[in-house]
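# Examination of the molecular architecture
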Amino acid sequence: MTSALPFDDFRNLLANLPSADAQAEARVRTLFAKADKPRGSLGRVEDIAAWLATWSGRAPPAVNRPLVAIFAGNHGVTRHGISPRPVAATANAVELCAAGGAAINQVCIANDLGLKVFDLALHMPTEDITDDAALDERGCAATMAFGMEAIAGGSDLLCLGDLGVGNSTVAAALCAALFGGGGADWVGAGSGADAAMLARKAEVVDTALAFHADALRDPLEALRRVGGREFAAIAGAILAARMQNIPVLLDGFAATAAAAVLYAANEAALDHCLLAGLSPETGHAKAAERLGLRPLFDLGVSHGEGVGAALAAGLVKAAALTSSGMAAAVRN
C-alpha cells in the first residue's frame, strides 16, 4: 500500500473494476443454441457456463485450477455469551482441516479442488464491537491485502468459506450496518443458540450499531468497526479475483456479509460471484435478496468451512465440461 490512507487503494480498485466479457458470454450462448437439443433445455447449467465464460474470458469455459480458500478468525464480542461453542473451537476446526478430517477435505477430494485454510491470528481475537472497533484501519486494510493473496499461485475458480465462533452475530451486525434494521432482523441460531442466547445476540448487535452510529455509513468503515478478520480477508479475496478475471463462489452468511461490503461500495462488485447455497440463518436469505444473489443449491448446509461452495464447484465444473463438449460436437 502506497497511498496516504490504508483504505484508499481499495477504494480506487472498487471504482475501476474490470468489466464483463460480453463476447465470451455470447459465444457460449450461441453454441448452446446451435447444439442438438431444445433451446434452453439445460436451464441454469447454461447460465452457469455463460457466467463462467463472462468472467474468465474463455469460451467455451474451463475449470482447471479450482481453489477453496477458508479464512478463520476469532471475535472479542464472544465474551457476551453469543455462541454455545467455545472460542477454541475455531482453532480446533482449522486443525481438523489441516489433518484432512473435516467435511471440506472430503468434498475437495470428491470434486478435485485445491484447498487453503488461513489462520488469521486466532490467538488474538478482534476487539469487542460493542465498545470498540473490531480493527483499526491499518489492520483491516492489511487483512484485506492478505486475503487478496489467496489467489497467489493461480486459480480459475475461487470458492470462499469461513470459520469463526461467533461470526454469525458479526455477520448480522455487518448486514444491519449496511442494509438497515436491528439485531432482531438479522440474527439467527448460528451453531445452536437457544431463545435466551438469540436475545443476547440481538442485543449485542443493537449495542454495536448504537456505539458506532454514523461511522457505519461508509462500507469499509463498517467492515473494520463491526466486522472481523475473516470478513476483511474474504472481501479482499473477492476483489482480487475480480481484478484477475477469476469467477467466485460464495458460501455461508459470513462470506455473504463480507461480499455485501463491496456491493455497498459498488453495486457491480459482485457480478463475478455466484452464491452456492443458503444457510438456515435468518439473515442469510435477506442478505442474498438484497445482493441479487440466487443460490445454486438448497441443501440446508450451515456447517461452514466452504462446504457449500465446494459442492457448487462440482456443478460449475460440470457446466464448463457440458459447454465445451457440446461446442466440440457443434463444430464437428
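This text follows the structure it describes.
In short, a report on the structure.

Rules used in this analysis
- Residues numbered from 1 in each chain as written.
- Predicted model: local features only at pLDDT ≥ 70, side-chain atom pairs only at ≥ 80, totals over all residues.
- Heavy atoms only, no water.
- Core = buried A, V, L, I, M, F, W, Y, C linked by side-chain atoms within 4.5 Å.
- Buried < 20%, exposed > 50% of the residue type's maximum accessible area, 1.4 Å probe, protein only.
- Contact = heavy atoms within 4.5 Å.
- Salt bridge = Lys/Arg side-chain N within 4 Å of Asp/Glu carboxyl O.
- Helix = DSSP H or I, 4+ residues; strand = E, 2+ residues; numbered from the N terminus.
- Arc of directions from axis to C-beta.

### Some points on the nonpolar core
Counting residues in each nonpolar core, the largest one holds 75 residues, and the members touching the most others are F71, L158, L160 and L223. Setting aside its immediate chain neighbours within four residues, L158 contacts L67, A69, I151, A237, A241, I246, P247, V248 and L249. Within the second largest apolar cluster, 38 residues are counted, among which are W55, I104, L163 and A310.

### A word on the pattern of salt bridges
Between side chains of opposite charge, pairing is possible as soon as their charged atoms come close. One pass over the structure, following the stated rule, counts 10 salt bridges. Here D131 ties to R79 by a salt bridge, and the two come within 3.3 Å at their closest N and O atoms. Here D131, found in the loop between β2 (114–119) and α6 (137–148), pairs with R79, found in the loop between β1 (66–72) and α4 (88–99); they are 52 residues apart in sequence, far enough to count as distant. The partner of R224 in a salt bridge is E221, with the nearest N and O atoms 2.9 Å apart. One end of the pair is R224 and the other is E221, both in helix α10 (residues 219–226) and 3 residues apart, which spans about a single turn. Note on R224: relative accessible area 13%, which makes it buried. E221 gets classed as buried once you look at its relative accessible area, which sits at 14%. Connected through salt bridges with shared partners, the residues E25, R29 and D47 form a single ionic network.

### A few points about helix α13 (residues 282–291)
Along α13, the residues classified as buried are G283, H284, A287, A288 and L291. Mapping the buried residues of α13 onto a view down its axis gives an arc of 135°, with all of them on the same face. Buried residues along α13 sit against α7 (167–179), α8 (183–186), α12 (252–265) and β5 (273–275). Immediately downstream of α13, the backbone of G292 shows phi near 70°, a positive value.

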